[in-house]
Amino acid sequence: MHQVGQQANRPNPWPIYAQLRRDRVVQLAEHSYAVGRYDDVLALLHDPRTSSDVHTLTDPGDRIETDPPAFINQDPPGHDRLRGEITRFFGPPDSPGVVNGQEPEIRRQIDTLIGAFPESGEIDVVDDFAYPLPVTVICRLLGVPAADEPQFREWAAQTVSGLDAANLEDREAALKGRNEALLALAGYLGELVKKHRGSPDGSMLSGLANDGGADAMSDIELMINGVLLLIAGHETTVNLIANGTLTLLRNPDALARLRREPEWAVPVVEELLRLEPPIQYLPNRAALTDITIDGTTIPKGSQLTLLLAAANRDPGRFTDPDRFDPDRPDNQHLGFGSGIHYCFGAPLARLEVDLALAALASRLDNPRLIEDPPPYRPSPVLRGPLHLRVAYDARRAS
Ligand code: HEM
């Protein structure tokens, strides 16, 4: 039996993924299988014989679920109704300007954060930059009033630290803290929805709260899916900014080019999503029926782990897959998943991380890593540095 992720392997999980890719299907435990080749992962992401609903598992283990589940944990038609409804207030065709409309605010936040760095010396890219940025962005988007943001930020911090505890005892306490923070966040969003009903303000939550259409969401659906947007957008984006900074500092030519050509951030971010994806694998699929791949049958009700990070470095799909090459053609990575659950926030994440990495590249003179590899978060699913200490000679004006 294999283990997919272990803390000791966080800096370099790639040999394990290569090993897992050798067989097309790997049994991880009773009722639990993994696949890691690109074509198989992609096919299963689009396969209606797979489910994201925990109730379809023979052995759900300790997986707990909200009632009703957030749309990431639902299958059609429930998933499609909720995703469609939220999309009406987030993207085309109904709301085409929402994501790009955030750009001035994201730039302002980035300037504020970098402006608070010392003139020269040392920063922790995670604590001082990657971590605070996405919370502010999601707060603005959802319509969390600026006055409530510190409290919101604290809850968000508690939810992330629940994933980062070093040992089991700390982990149990931290997970308790995480659950409490999630409940507090849901309660807060419930109150906010009520306020928005009285006075709509054009924000996403306000649009959803005041919608009288056929697919309108109930209060509890709004709370649960509002928390999903926050968590899914926050824990991932932090890691992409930190993984991206680390990769650029290890590749000085790429860093120098990004400094000269900030618009090159677009392919840089795509390549980072392939090479260093924040979500390493999706453990939340189940087989709705027996699924046979290459002579191995995954029985109905089994847990199916889709190894995105392994697929992204499959030599059968990508030339020289371990190389950081933002100019590689046809970079159809699986860093945002694929199929009906393809990352809802991808356009926002791309914009945020493009701007963040281009700004860091242009505003720090002679940046260098203090510790390589840095300490990593212990979570095997969400991979990224816990801290990323960087020294530099001078901070430039924007
Ligand atoms: C770099 C940042 C991000 C990464 C790497 C990422 C990655 C992913 C992945 C791999 C999935 C697929 C999950 C599955 O198939 O079960 C997903 C889904 C999702 N993401 Fe993201 N995400 C990021 C940022 C965001 C942001 C900023 C938001 C919110 C604004 C967001 C909201 C969601 C939601 C709601 C889903 C569920 C979609 C569905 O079930 O239809 N994500 N994301």
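Preceding this section is the structure that the text describes.
Residues numbered from 1 in each chain as written. Predicted model: local features only at pLDDT ≥ 70, side-chain atom pairs only at ≥ 80, totals over all residues. Heavy atoms only, no water.

Undergrad: Give a detailed account of the layout of surface pockets, specifying residues and quantitative values.
TA: Considering only enclosed or pocket space, the second largest pocket measures out at about 290 Å³ in volume. Looking at the second largest pocket, it is lined by 14 residues, and the ones nearest its centre are R107, D354, L355, A358 and A359. Among the elements of the structure, α4 (103-115), α12 (265-275) and α14 (346-363) are those that each provide at least two residues to the lining of the second largest pocket. Among the elements that line the lining of the second largest pocket, the one with the most residues is α14, at 7 residues. Broken down by class, the residue content of the lining of the second largest pocket amounts to 8 nonpolar, 1 polar and 5 charged. (1 Å grid on protein atoms, 1.4 Å probe; cavity = no way out; pocket = protein on both sides within 12 Å on 5 of 7 lines; lining within 4 Å. Points joined across faces, edges and corners; volume = space filled by probe spheres on them. Helix = DSSP H or I, 4+ residues; strand = E, 2+ residues; numbered from the N terminus. Nonpolar A, V, L, I, M, F, W, Y, C, P; charged D, E, K, R; others polar.)

Undergrad: Please set out the sheet that holds strand β1 (residues 26-29) residue by residue, giving values where relevant.
TA: Sheet strands line up and pair through hydrogen bonds in the backbone, either parallel or antiparallel. One open sheet accounts for 5 strands, arranged β1-β2-β8-β5-β3; its pairing is mixed. Of all the strands in the sheet, the pair left with one neighbour each is β1 and β3 (50-51). In this sheet, strand β8 (residues 303-306) lies alongside strand β2 (residues 32-35) in parallel orientation, the contact comprising 4 bridges. Counted as the bridge partner of A34 is T305 from β8. (Pairing = 2+ DSSP bridges.)

Undergrad: Explain empty space enclosed by the protein residue by residue, including any values.
TA: Unoccupied space between atoms shows up once a probe the size of one water molecule is rolled over them. Under the criterion given, the structure shown has 3 cavities of 30 Å³ or more. Empty space within the largest cavity amounts to approximately 100 Å³. Forming the boundary of the largest cavity are T245, L248, L249, L255, L357, L360, A361, L364, P367 and V390. Broken down by secondary-structure element, the contributors of at least two residues to the lining of the largest cavity are α10 (219-250) and α14.

Undergrad: Give a description of the site of the ligand that names residues and reports values.
TA: The environment of the ligand is formed by 29 residues, the closest being H79, R83, R285, H341 and C343. Here an oxygen atom of the ligand and a side-chain polar atom of H341 are 2.6 Å apart. The dominant element in the shell around the ligand, judged by the number of residues it contributes, is α10, at 7 residues. Looking at the shell around the ligand, its residues break down into 18 nonpolar, 9 polar and 2 charged. (Near = heavy atom within 4 Å. Polar contact = N/O pair within 3.5 Å; in protein donor to acceptor, adjacent residues only side chain to side chain.)

Undergrad: Quick rundown of the coordination of the iron atom of the ligand? Include the residues and the values.
TA: Of all protein atoms, just one serves as a donor to the iron atom of the ligand, and that atom is C343 (SG), at 2.3 Å. Its location among the elements puts C343 in the loop between α13 (308-311) and α14. (Donors = N, O, S within 2.8 Å, 3.2 Å for Na, K, Ca; no water.)

Undergrad: Residues and numbers for the pairing of strand β11 (residues 389-392), please.
TA: For strand β4 (residues 121-124) and β11, the ladder comprises 4 bridges, and the chain directions are antiparallel. Note on β11: the bridge partner recorded for G121 is Y392. As paired elements, strand β10 (residues 368-369) and β11 share 2 bridges and run antiparallel to each other. In the sheet register, L369 faces β11, and the bridge partner there is V390.

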